Amino acid sequence: MVTTEKKDLLSDQQKYKIAEPHDLSPRNKWLRDYYFLGVKREWNNEYMPFTTGILGDRQFAESDYYIVPEIYFYLGNKSRGIYSSSLSLMAEKVELSKDFWSKSLPERRIIFFEKVILDNIPQEIIGPELLAGGRFNTQMSKCLNEKEQKIYEKQNLKGRHSVFNYHNHGFGNAGATAGHLIPNYDYIIKNGFKKVHNEATERYNLLNQKEKKGPLGDELRAIIQASEIPRKLAKRYAEECRRLANGSNDETRKHELIQMANNLEIVPWEPAQTFWQAVQSLWLIHMLVMSEESYPGPGLSFGRTDQHLWDLYKKDVIDERNITKDFAKDILGSFWFHCNTAYDAQMRVGNNGITAGFGQLMTLSGCGANGEDLTNELTYTILEIVDEWSPILEPKPNVRLHRNSPDKLLNIIVDMITKSQGAPFLLNFDERSIAGMIREGIPKEDAWDYACVGCLENTMQGNDRSGTVNCNPNLVKSILLTLNNGKSANQNQNVLMLHPKEGKPVQIGLKTGLAEDFKTWEEFWNAWVKQIKFQIKYTVGIYNISEEFRAKWLPTPYLSTMVKGCIDRGLDVRNGGPDIRFVTIEGVGFATLVDSLLAIKKFVYDEKKFTIAELKEAMENDFKGKKEWEIMQSLLKNRAPKYGNDNDEADKLAYKVMEIWSQECFKYKTPTNFQFRPGMLSWNYWAGEDAGFTPATPDGRNTGQFLSNAISPTNGADVQGPTAVTNSVGTVLGGKDKNGNYINLLPNGASHTLTFNPSLLRNPELKEKFKSYLKGYIENGGTALQVNILDANMLKDAQINPEGYQNLLVRITGYNAYFVSIGKELQDEIIAREMHNM
């Protein structure tokens, strides 16, 4: 058992009070305090790399991180890069059987995975925890032989260069990343892995001899072996629990350890019989997905946990009183602790590796098939855990609201938001979200049971892999292509695109004509429509390189056991196996694009205050150096219509933009038969890489200044208040049809972040107004809302005195982050956000 001495954790003095954990049980306080010891802990969950010993063996799958441009530097140009080289040098060699290399790739992968999980990673119990399942952050060998390795490296380099070129020209980023789905956890909890094992075996036995010797047989044999790994690992942990129990002099702890062993001898092989067993089963099967994908949690989400565990919670805590509510909260506290150790992967970097980039999302509440509310006592218990453990990042809770959400839930939500910094949870809105799921083809009778992954992305549970963050095009690029007849310059050579002093612009987009020659707004608009359609097609082409590469070289048989459709089809989850298959194109910089189009329409074509040539010249010089350019910028920023103010003219154009680019996404599929679909997340691209690679824009924005965030208005443009913003968001998503039915053009969801001053919610009357606002959002707003309650002066003080604000959380877009750990550019963007009042 891992232990540590109890220490007083003292915080530095700060000018402003920040949120602190409260009312934790002794066990949960120990676990939380121990977690935040970070690198001072004697136990950790850092990356553990493993190799077959083959020359050139790879552990790091760089294509998982093509959506993180900040790491491109470390991937190298023609070499294997720092990450791959370092992991190869550090990797522990795994002893393998003589027939290992005669097996198919899926079988090799699962044989290697099982060997590492059972024999190379120790099974440990941490302190007073109640759930087994400690170390899981791995970097696994890709199990390629020498011939395969050479082909892999050649294709990998091709994919890397295509993504780099796409990004360096300011188009954004794209790559087939891991995580970002909800495995069929509910099915395992209720049926056990034994049933999955039997289903896979029965499917294999239906194959003829030729099929058994081919890819179908290879995949199903790997899945059959994978289905037994959780049982074998649980047995090892049970043995460790009994060993610790035999050595314990504390009778209470001895009883807990014995019960933990008993639980592990049942789950996850058999169905869970108690709440404790259900949570144990959920954690163990979840952590193994992270181990197999060698990807520490990003987007790997739990689904509707309060629904999945409700029956057993009700039986044990309420009906039979087998355990107390406090003990149930201790069980959940151990779950919370383990979820956060995902950040140990890179714990020697920055704030103990806690970057907020992961996102194991847990969906709570929401409606049923007939619109009835499904909130239950477990919903409220989990919200208590969220409140008591905050500030902390994982798991990320998502609360589904709808027309029949109870006042009790709304009151708790408002109180939690009032007390927090950042947003304690994401708010998802059912009616609009369900409309989006139906739009993409999910049957109406199923769509109500959606849940969210990662930050806010809507998917189905257990049968869906929707690649929810795999494509992130900078939509603003389309207007720059329109202004330049489809030409683009490499932004790594020179940030100015229009007439770069270094690097000759190349023809990447379509030749839609010289913008200077367009006589009417309709000509300009039609040219832009062609360029945005080109941009979507170009994005699809770039993405499909890594999609096809991943399907061929990086199978995940264990994850495939828990995604419905994979066993029936005999296909990996990454190769067309799931019943529901999407890849999401997440548009970035929407409001910047819309405001730019509005400005051109008003000042160039409607009022003729200046020409396209004059606008391009001013943009090329970043609106600096001449008085007339400064005047032009002021007009563009302050006198043009702006999206986000419930302005009919602006919102009508914004809707047309949304309709065109979102519908274009549905025209394409991947080589692995996944359908592209639209969404808006933006992560941190709008304030980071995409902003830095985007020159001055026609809305008056300067070179490198942050773009607009997801579906939110441009910072400072939403001057009519939160209700006006909400109406604009709802309108551009489609509003409602003539029968009052919701329309949602973005099935994946759309991130909307609003920031309020803390003074807003200090008295009951204002809290009631905010509750009414949330009810109005259900009727007229978007799919997802994050609420920041922040004082700009406090954030400025935190920039000056970061040591006093180590635990200050802020909402970025679909996720929270520690304010002092993010870059200054992002800090400044948050401070600059419009602070709303009711």
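Residues numbered from 1 in each chain as written. Predicted model: local features only at pLDDT ≥ 70, side-chain atom pairs only at ≥ 80, totals over all residues. Heavy atoms only, no water.

A. Up close: the packing of helix α7 (residues 193–205) against helix α9 (residues 215–226). Between α7 and α9, whose axes approach to 9 Å, the crossing angle comes to 155 degrees. Taken together, the axes of α7 and α9 lie roughly antiparallel to each other. Note that α7 runs across α9; the crossing there is left-handed. For the pair formed by α7 and α9, the contact residues are H197, A200, T201, R203 and Y204 on the first element and G217, L220, R221, I223 and I224 on the second. (Axes fitted to C-alpha atoms, helices over the stretch in contact; angles between N-to-C directions. Helix = DSSP H or I, 4+ residues; strand = E, 2+ residues; numbered from the N terminus. Parallel < 35°, antiparallel > 145°, perpendicular 65-115°, else oblique. Left-handed = near helix turned anticlockwise from the far one by under 90°. Contact = heavy atoms within 4.5 Å.)

B. How the structure looks around the sheet that holds strand β2 (residues 92–93). Taken in spatial order, the 3 strands line up as β2-β1-β3 in an open sheet, and their pairing is parallel. For this open sheet the edge positions go to β2 and β3 (138–139), each flanked by a neighbour on one side alone. (Pairing = 2+ DSSP bridges.)

C. Representation of the pattern of salt bridges within the structure. Counted under the stated rule, the structure contains 49 salt bridges. Note that E384 is salt-bridged to K325, the shortest N-O span being 2.7 Å. Of this pair, E384 sits in helix α16 (residues 377–389) while K325 sits in helix α15 (residues 325–340), placing them 59 residues apart in sequence. We classify K325 as partly exposed; its relative accessible area is 33%. Ionic contacts of the salt-bridge type, sharing partners, join the residues R58, E62, R80, E153 and R160 into one network. (Salt bridge = Lys/Arg side-chain N within 4 Å of Asp/Glu carboxyl O. Buried < 20%, exposed > 50% of the residue type's maximum accessible area, 1.4 Å probe, protein only.)

D. Spotlight on the confidence of the model for the protein chain. Across the protein chain, pLDDT averages 92, with 95% of residues at or above 70. Here residues 3–12 is a poorly scored stretch, pLDDT under 50, and it has 10 contacts once near neighbours within four places are set aside; other chains count. Overall, residues 493–502 carries pLDDT values under 50, and its contacts beyond four positions in sequence, including any with other chains, amount to 26 contacts. (pLDDT = per-residue confidence, 0-100.)

E. Main features of unusual backbone geometry. Omega for the peptide link from S390 to P391 comes to 5 degrees, which places this bond in the cis form. Within the element layout of this structure, P391 appears in the loop between α16 and β7 (396–401). A cis amide bond, omega -15 degrees, links E394 with the succeeding residue P395. Note on placement: P395 falls in the loop between α16 and β7. Despite not being glycine, H180 shows a phi value in the positive range, around 55 degrees. With a relative accessible area of 7%, H180 lands in the buried category. Positive phi is not limited to glycine here, since S294 has a value of about 50 degrees. Summarising the element assignment, S294 is placed in the loop between α12 (275–293) and β5 (303–304).

F. Spatial organisation of the environment of M680. One can find M680 in the loop between β16 (675–679) and α28 (689–692). Along the sequence, M680 and A710 sit 30 residues apart, while their C-alpha atoms lie 5.1 Å from each other.

G. Fine view of the nonpolar core. Within the largest apolar cluster, 255 residues are counted, with the highest numbers of intra-cluster contacts made by F275 and F524. In terms of residue count, helix α21 (residues 521–553) provides more of this core than any other element does, 15 residues in total. Leaving out residues up to four positions away in the same chain, F275 has contacts with L309, L312, Y313, D316, I323, A328, I331, L332 and L378. The next biggest cluster of nonpolar side chains, apart from the first, holds 11 residues, and it includes C367, I434, M437 and Y450. (Core = buried A, V, L, I, M, F, W, Y, C linked by side-chain atoms within 4.5 Å.)

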